[in-house]
Amino acid sequence: MNKWHLTFSLIFMAYFIATRLITGPIAEFFVLIAILFFLPAALHFFEKEGKSQKAGVLIDFLMKAFPLAALCATAAFIYHSVWFASGWALYTFLLALFGFARLLKRGIFPLHELMIDGAWMYIALGGLWFWLYTADIQVMTFSPLIVLLTAIHFHYSAFFIPLFYGFLGRQRTKEPTLYKAAGWVILLSPVMIALGISFSRLFDTFSVILYVISLYMYGILCVKTRFRSTLAKGLVVFSSFVLMGTIVLSLLYSTGMLMRVTYISIDQMIWFHGSINAFFVILPGLIGWLIERPKDQLKQKNFPISQVHGRFHMISFQEESVHDTEKLGLVDSLDDLNGTTFSANKVSPVIRRFYENPMAFTLKAAVHFHWWMRPFVCLLQPVFKRIGQLHLGSSRIPYEMKGRLTRFQHPKEEREHVRAWIRHNEKGEQVFFALYAQHQDVAAGYMNIALPLPYSQLTAILKPFNEKEDFLLKSTCPKGSTGDEGLYLHTPFITMTLPMEESFHMKAETDKRLTALHQMKLFGIPFLTIRYHIDSENHHVSQ
C-alpha cells in the first residue's frame, strides 16, 4: 500500500466515522476496513509481479483507480447511494478480471496459484452483495443485515484465506496431498457455505465442519513451512492460530441455527468474530506475507509463438509458396529435438524417415471422438468444414489423408523454418492445416505446432521422449517440469494455457511401416483418439 493510497484511505475512514459510524450498522465499518486498508495492501503485493508481465497494464490501472473506487465505497455507505455502490462493484469486477486473466494465462495448475486467482474472483461477489445491500434489494428471505454480512464474508474470509493459502503454497517446494485436500475445501467453501445457508442448514453445518478442519490444516502447515523471515513466520503462525479459535464461533453459530439453539447471537458474531478476524487474523497475516513476499515459482514461458490467425473462411496457404519438387520434412533433422529426455539415435529408422520426409508415406486415419464429445462435434462440423480446420469427421472407418507439405512464409510468422502441412480427406475436403516449427531451450527441443483458427490460433508445444525404439511427443510432462510443453490458445489480447493434453506415440511395425496413436484429453478426460497407419510401401505421391 503506497503513501497516497494510505492517505486517501485515512481521509475516507475519518469522514465515514464522523458521519455514519454511530447511526449505521457496525458491520459497515468492518467492510470499509477491508476495502480501504487490507485490499489495497494485497493489491500492492502483485504490482511489481504484474508489471514484469503483459498483465501490467491492468494491474497499473487498478492501482491508479483505487482512490476513486474507495471514494465510491465510502460514499455508498454514507449516502446509501446505489450509484456510488455501482462504482465499487465495477472495481471488484475488474479485480476479478485480473484474477481470471492470471488463470487463463497459466491454466488451473498448480493449486496454490489457483487459490490466488480464486481469491481475486471471489472479491467480485463481495462487490455484488455490497451493491445489493446499498440498493435495498430483497434477496430471498435475507434481511438487509444478512446481505451486509454476506458482503463482509466475501471481502474477508472468502478473499484473504485463499490468498494466504496460495502464498503458503508458494513458500513450499511441493504441494503434499494434505495441502491439496485442504486447499480444495478452502477454495470451494465460500460457495458450499452460501448454498447451505440458502437451501440446507444441514449442508451448511457439514460445509463449515470441513472448512474448520481445513483451516486447522492450514495452521499446521504454517508451523511446518520454512520462512526466510522469523518475524514473518511469527505473524503468519499467530494469524493462523487465532483463526483456529475464531472459526469455532462460526461452527457454534452454524450448529445453533441447525438445532434452533442460540449459542452465540448474530450481534456477538459481528463484534467478536468481526473485530478479531479483522485485527488479529487478517492484519498480522497480511503484514507477515508482505514481509516474506513469497514469489511465483513458475517459470515464465517465453517460447516463440505464431502470430498467424485465420478467418471464418478456408484457412490455407498461398499457392506461390508451394515447392512440389523439394524434399521437405516436419523437421530438417530429428536430431534437432535432442535433449535430456530424448535422443534421435534411439528411434527406429522408419520413424526418423517419416519426420524428415513425410510425403514419402501414405497416411490412413481412424478417427474416434469419445461419446461425450460427439454432440459438440456434430454441432461444430459445419464450422470446421467452412474453415478447413479440424474437419476430421465422426466415422471410425479409416480413410486416407492426402496432403501437401510446403515451406511457409507470412508477415506475421515470427518463427523460423516453418512448414505448412495441409491434409484432405477422400472427398477432397480440407480437414487439417498446421504450421510446423521447432524450438529449443537448454534442456530440450520442442515441436512447435500452430493451428490457425478464426481470429486466433491453437499452439501445441510437444516435448519428445524415448520409449525403447518408439517416439513419444507429449504436451504434459512429469510433475515439477518447468519446460515449455503445453497447449495454448493465442488471441490478439492474451495467450492462455488450455486444460487440455495431447500426445503422440509412434511405433515402428516394419522397416517401411509404422503406427501412431494420437490422443487428446480435456481436464484429464479423453475426448479424441486417432489411430494412424503410415506406410511407405506402394506409396503414390498425393496432391
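Residues numbered from 1 in each chain as written. Predicted model: local features only at pLDDT ≥ 70, side-chain atom pairs only at ≥ 80, totals over all residues. Heavy atoms only, no water.

**A short note on the pairing of strand β8 (residues 486–490)**
Taking burial as the measure, the 5 residues of β8 include 4 buried ones, the bulk of the element. Bridge count between strand β6 (residues 456–467) and β8: 5 bridges; the pairing is antiparallel. Residue pairing across strands places Q457 opposite H490, the latter belonging to β8. Sheet analysis places β8 next to strand β9 (residues 495–497), joined by 3 bridges and oriented antiparallel. Across the sheet, Y488 pairs through a bridge with T497, a residue of β9. Once β8 ends, the chain turns through 4 residues before running back antiparallel as β9. (Buried < 20%, exposed > 50% of the residue type's maximum accessible area, 1.4 Å probe, protein only. Helix = DSSP H or I, 4+ residues; strand = E, 2+ residues; numbered from the N terminus. Pairing = 2+ DSSP bridges.)

**Topic: the pairing of strand β2 (residues 399–407)**
Here strand β1 (residues 362–369) pairs with β2 via 3 bridges, running antiparallel. Opposite A365, over in β2, you have Y399 as the bridge partner. In this sheet, strand β3 (residues 419–424) lies alongside β2 in antiparallel orientation, the contact comprising 6 bridges. Each residue of the ladder has a partner; that of G403, found in β3, is R423.

**Brief notes about the packing of aromatic side chains**
Enumeration according to the criterion identifies 30 aromatic pairs in this entry. Pairing F77 with F130 gives two aromatic rings, centres 4.9 Å apart and planes at 50°, and the pair type is tilted. Placement of F77 in helix α4 (residues 56–79) and of F130 in helix α6 (residues 111–134) is noted, with a sequence separation of 53 residues between them. For F77, a relative accessible area of 0% translates into the label buried. (Phe/Tyr/Trp six-rings, centres within 6.5 Å; stacked < 30°, edge-to-face > 60°.)

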